[in-house]
Number of protein chains: 2
Amino acid sequence: MNKDFFRVVSPARFLELLGQFPPLAAETVELDAARGRFLARDVVAAEDVPPRSRAAMDGYAVRAADVFGAGEANPAYLDCAMDVPIGVIPSAPLPPGTCARIVTGGMLPEGADAVVMVEHTFDMGAGVVEFRKFAAPGDHVMHRGDDARVGVVALPAGRRLRAQEIGLLAALGVTCPAVGARPRVAVLSTGDELTPIHATPPPGGIRDVNTHALCALLRDFGAKPVALGLVPDDQQAIHAALALAVADSDAVLVSGGSSVGARDFTLAALAALHDSEILAHGVAVSPGKPTILARVGLKPVIGLPGQVTSAQVVMTLFGKPLVERLMGDPHALTRKPFTFPATLARNLASKPGREDHVRVRLEYVGGDIPLAHPVLGRSGLLKTLLDADGLVAIDAACEGLEAGSRVAVRPL
Amino acid sequence: MNKDFFRVVSPARFLELLGQFPPLAAETVELDAARGRFLARDVVAAEDVPPRSRAAMDGYAVRAADVFGAGEANPAYLDCAMDVPIGVIPSAPLPPGTCARIVTGGMLPEGADAVVMVEHTFDMGAGVVEFRKFAAPGDHVMHRGDDARVGVVALPAGRRLRAQEIGLLAALGVTCPAVGARPRVAVLSTGDELTPIHATPPPGGIRDVNTHALCALLRDFGAKPVALGLVPDDQQAIHAALALAVADSDAVLVSGGSSVGARDFTLAALAALHDSEILAHGVAVSPGKPTILARVGLKPVIGLPGQVTSAQVVMTLFGKPLVERLMGDPHALTRKPFTFPATLARNLASKPGREDHVRVRLEYVGGDIPLAHPVLGRSGLLKTLLDADGLVAIDAACEGLEAGSRVAVRPL
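Computed from a predicted model, the values in this text were never measured in an experiment. (Residues numbered from 1 in each chain as written. Chains lettered and ligands numbered in written order. Predicted model: local features only at pLDDT ≥ 70, side-chain atom pairs only at ≥ 80, totals over all residues. Heavy atoms only, no water.)

Turning our eyes to something else, we now look at the relation of the copies chain A and chain B. Overlay of chain A on chain B (RMSD 0.0 Å): rotation 180°, translation along the axis 0.0 Å. Such a turn and shift between the copies fits a two-fold axis. Closest approach to the rotation axis within chain A is made by the C-alpha atom of F340 of chain A, at a distance of 3.1 Å. The fraction of interface residues of chain A whose copies in chain B are also interface residues reaches 100%, indicating that both copies meet through the same surface. (Least-squares fit on C-alpha atoms with pLDDT ≥ 70 in both. Contact = heavy atoms within 4.5 Å.)

Set out below in structure tokens:
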């Protein structure tokens, strides 16, 4: 034990400290398993997408010049020189002064530069089409290479894959993208008072809530939780469990030690592990102050408060960015978290010197800015989180906010 | 074919029509697999949570009356009658005029009604503790039953299980909650121009984007997608594929048919299935108008536009509520979707008669209301979705919005 053990850091510093843990190695996965992952490398298009210019509407492909000035009062008339079925490359260019019947997705014949929607035309019979509307070049055309150009980066490394990015990879024929691995995160709970959830706690005991709530959050964040169960409040036992957990995973969460003695056990056990360093002992947030951050080798270990609400707030503030950093998100630790505005419904006191994270329930009462009702209660209870829709951060320097203040809500 | 085939409905009506599809049967799952699911039945607490009143801080349990008026200038002094370790029920009540040393989570002895934090006390030695702060009854106490009371509904049917709800179920010993099943949703793509993504498309062909983008969205929504692959633009083939898909799943998405002929094939094939009904042929949204909704037996089939952006917008507006309805969310079809305010960065025209869903990119330029930049482009391209952070709905009656207008953004 040395003075480093009493190093309470700011939340900004805590995030900075997480920056020393490198992203995990890349792996290639089937495209259908890549959703939510971060690209490990730039994806350079091997071909143009779309591969050729295509019609965006059912109608007629034309040279825009041939229907210049056309309108209801002075329609233009063009011979229909060809019919372009879907999936077929027109065999010949479009002769000037003619048009080609085309369907959505059909490929424009060479020479055509616009599509006139079928509802602005009339088939006169005998191969003649009346145009009641002009077209500008490019109208209703999806141009070759609009989505991706051969040789150019289509999606950069670090991009998170949503459905639309999966779609672009499909279009490019990228069947197995390289993405950052999902971290295996070991979850340990300490506390002699805890019982596994399938057992009836002895008098005075309570069930192990944190293992299950933390595993659910880790899944939300994209990690693979590995629940290692309960560890007694005993320094040897905690040391052994942590050593195993670190060896077998990419990161470790150890929650509990809600009693002073147990907290000390966890700290001492972490400090005693080979090549370990206590990076933070306390973080200036509420709830969540008694949080420990340690490095064991190159792996992070977070000692979470045993109080369920505290643990969940710490996971939202720091666990999510850590998981996303390990998964290869280059901005995980620096991106401002998404918030939206609300109006505080009542006065709210805040103890200066720590960043308060108040749980709020939202109420929409007309207008587009909801009311945020603080949900107050002990951080050892689940109640405040159960009733809450989001978190409102109150700056460490602030002594409170008045009813009617505009606040930023982070959704839960 | 009858006139019903040309029934274009409003988006509100489309959601109403989804109401005829009943939620799936309940199933019991391991608690760790229940995240994101909807409770099928009320969960009534079989015991109080917490089971006894507990300290929310390290310190001393007292009768508040015994430290009435205590402060720095006039401390109170109490004998320490007992030490309450974590997980142990105090064997005797707290004698009046005494205190009990207690740790966070420790159980209050009978008679104690408040906890004074250790930092407001001083151990004088010889079993005497100095109190430099008074306490009100209930201070720093988590009361028995604060989270759940025996015999009372702790979580109602229909509640979505987030980490905090999982935590409460853990506390209650609910190891296998009953939740709505996750729908198996079959995904078919039609279109002769389509090639599976692992193959090189022939000249004029393109790869099948929709199967992969739709499966990713379905996973986002909580469904289990079943990709059934490509079906040729042929009415017999589409009919056979749809019949199989309906038999093997809880809902079917069939995308493509971007050509007029293929659209007709899908419609005719749906109409020809046993016990089928076309509920909507077109919905007044843009993009996404050529959407079909059919009932086959008790199962929904949505015919999605082949255009990738259109299909994804339709899935956001209708596919997500349908999946959540099938999973047992009682408010899936009536809940106002979550939006947050933004300021439109430029004028935006909108064709009246349909509800426009404009893709927007957000820019934060100071203040808490971002600028929303419309991302315009063809709905057959992925580009607009790739560049977008959200959707802005423009009412069917509206002809456009001016730059500077306040808009509601639905995040993507």
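So, next bit.
Moving on to the sheet that holds strand 7 (residues 114-117) of chain A. Residue and element names in this part refer to chain A. One open sheet holds the six strands; their spatial order is 7-4-6-5-9-8, and the pairing between them is mixed. At either margin of the open sheet sits one strand with a lone partner, and together these are strand 7 and strand 8 (121-125). Direction aside, the axes of adjacent strands within the sheet are offset by 40° on average. Sheet topology note: the strand 4 (residues 59-62)/strand 7 ladder contains four bridges and is antiparallel. Residue V62 lies in a different strand from strand 7, and its bridge partner there is A114. (Pairing = 2+ DSSP bridges. Helix = DSSP H or I, 4+ residues; strand = E, 2+ residues; numbered from the N terminus. Axes fitted to C-alpha atoms, helices over the stretch in contact; angles between N-to-C directions.)

Each side of the interface is counted separately: chain A has 76 residues, and chain B has 76 residues. Around 6,500 Å² of area is buried between chain A and chain B when both sides are counted, 58% of it from carbon and sulfur atoms. Looking at the side of chain A facing chain B, the largest losses of area belong to Q164, R378 and L386 of chain A, adding up to 10% of the total buried there. Across the pair D368 of chain A and R406 of chain B runs a salt bridge, and its minimum N-O distance is 2.9 Å. Counting across the chain A and chain B interface gives 36 residue pairs in polar contact (both at pLDDT 80 or more). (Buried area = accessible area lost by both parts, 1.4 Å probe. Salt bridge = Lys/Arg side-chain N within 4 Å of Asp/Glu carboxyl O. Polar contact = N/O pair within 3.5 Å; in protein donor to acceptor, adjacent residues only side chain to side chain.)

Attention shifts here to the confidence of the model for chain A. Here chain A averages 93 in pLDDT, and 97% of its residues register 70 or above. Confidence drops under pLDDT 50 across residues 1-5 of chain A; counting only partners more than four residues distant or on other chains, this segment forms seven contacts. (pLDDT = per-residue confidence, 0-100.)

Another point: the pattern of salt bridges. Overall, the coordinates contain 35 salt bridges over all chains when judged by the stated rule. Here R13 of chain B ties to E16 of chain B by a salt bridge, and the two come within 2.8 Å at their closest N and O atoms. Residue R13 of chain B and its partner E16 of chain B are both found in helix 1 (residues 11-18); the two are separated by three residues, about one turn of the helix. One salt-bridge network, in which partners are shared between bridges, spans R159, R162 and E165 of chain A.

Here the focus is the packing of aromatic side chains. One pass over the full model with this rule turns up eight aromatic pairs over all chains. Here F338 of chain A and F340 of chain B contribute two aromatic rings whose centre-to-centre distance is 5.0 Å and whose plane-to-plane angle is 65°, an arrangement assigned as edge-to-face. Of this pair, F338 of chain A sits in the loop between helix 6 (308-326) and strand 22 (340-344) while F340 of chain B sits in strand 22 (residues 340-344), placing the two residues on different chains. Aromatic rings pair up to connect F338 and F340 of chain A together with F338 and F340 of chain B into one cluster. (Phe/Tyr/Trp six-rings, centres within 6.5 Å; stacked < 30°, edge-to-face > 60°.)

Turning our attention to the sheet that holds strand 9 (residues 128-131) of chain B. Residues and elements named next belong to chain B. Ordered by their spatial adjacency, six strands build an open sheet running 7-4-6-5-9-8, and the pairing between neighbours is mixed. Each of the sheet's edge strands pairs with one partner strand only, and the pair in question is strand 7 (114-117) and strand 8 (121-125). Sheet twist, expressed as the average angle between the axes of neighbouring strands with direction ignored, equals 40°. Across three bridges, the pairing between strand 4 (residues 59-62) and strand 6 (residues 98-102) is antiparallel. Of the residues in strand 6, the one forming a bridge with A61 is A100.

Residues and elements named next belong to chain A. Closest axis-to-axis distance for the helix 1 (residues 11-18)/helix 6 pair is 10 Å, and the angle between their directions is 20°. In terms of orientation, helix 1 lies roughly parallel with respect to helix 6. Of the two possible hands of crossing, helix 1 and helix 6 adopt the one that is right-handed. Together, P11, F14, L15 and L18 of helix 1 and L317, F318, P321, L322 and R325 of helix 6 make up the contact between the two elements. Here the contact of helix 1 with helix 6 is built from residues that sort into eight nonpolar, no polar and one charged. (Parallel < 35°, antiparallel > 145°, perpendicular 65-115°, else oblique. Left-handed = near helix turned anticlockwise from the far one by under 90°. Nonpolar A, V, L, I, M, F, W, Y, C, P; charged D, E, K, R; others polar.)

All names here are of chain A. Within the element layout of this structure, P183 appears in the loop between strand 12 (178-180) and strand 13 (184-190). The sequence separation of P183 and V254 amounts to 71 residues, and the corresponding C-alpha distance is 16 Å. The contacts of P183, once residues within four sequence positions are left out, are L24, A223, K224, D250, V323, L326 and M327.

Turning our attention to the pairing of strand 21 (residues 299-304) of chain A. Residue and element names in this part refer to chain A. Of all six residues making up strand 21, five are buried, and the element is well covered by its neighbours. Bridge analysis of strand 17 (residues 251-256) against strand 21 gives four bridges, and the strand direction is parallel. In the sheet register, S255 faces strand 21, and the bridge partner there is L304. The sheet contact formed by strand 20 (residues 292-296) and strand 21 spans five bridges and is antiparallel. Paired with I292 across the two strands is G303, which belongs to strand 21. Taken together, strand 20 and the strand that follows it, strand 21, pair antiparallel across an intervening segment of two residues, in which G297 is found at a positive phi of about 65°. (Buried < 20%, exposed > 50% of the residue type's maximum accessible area, 1.4 Å probe, protein only.)

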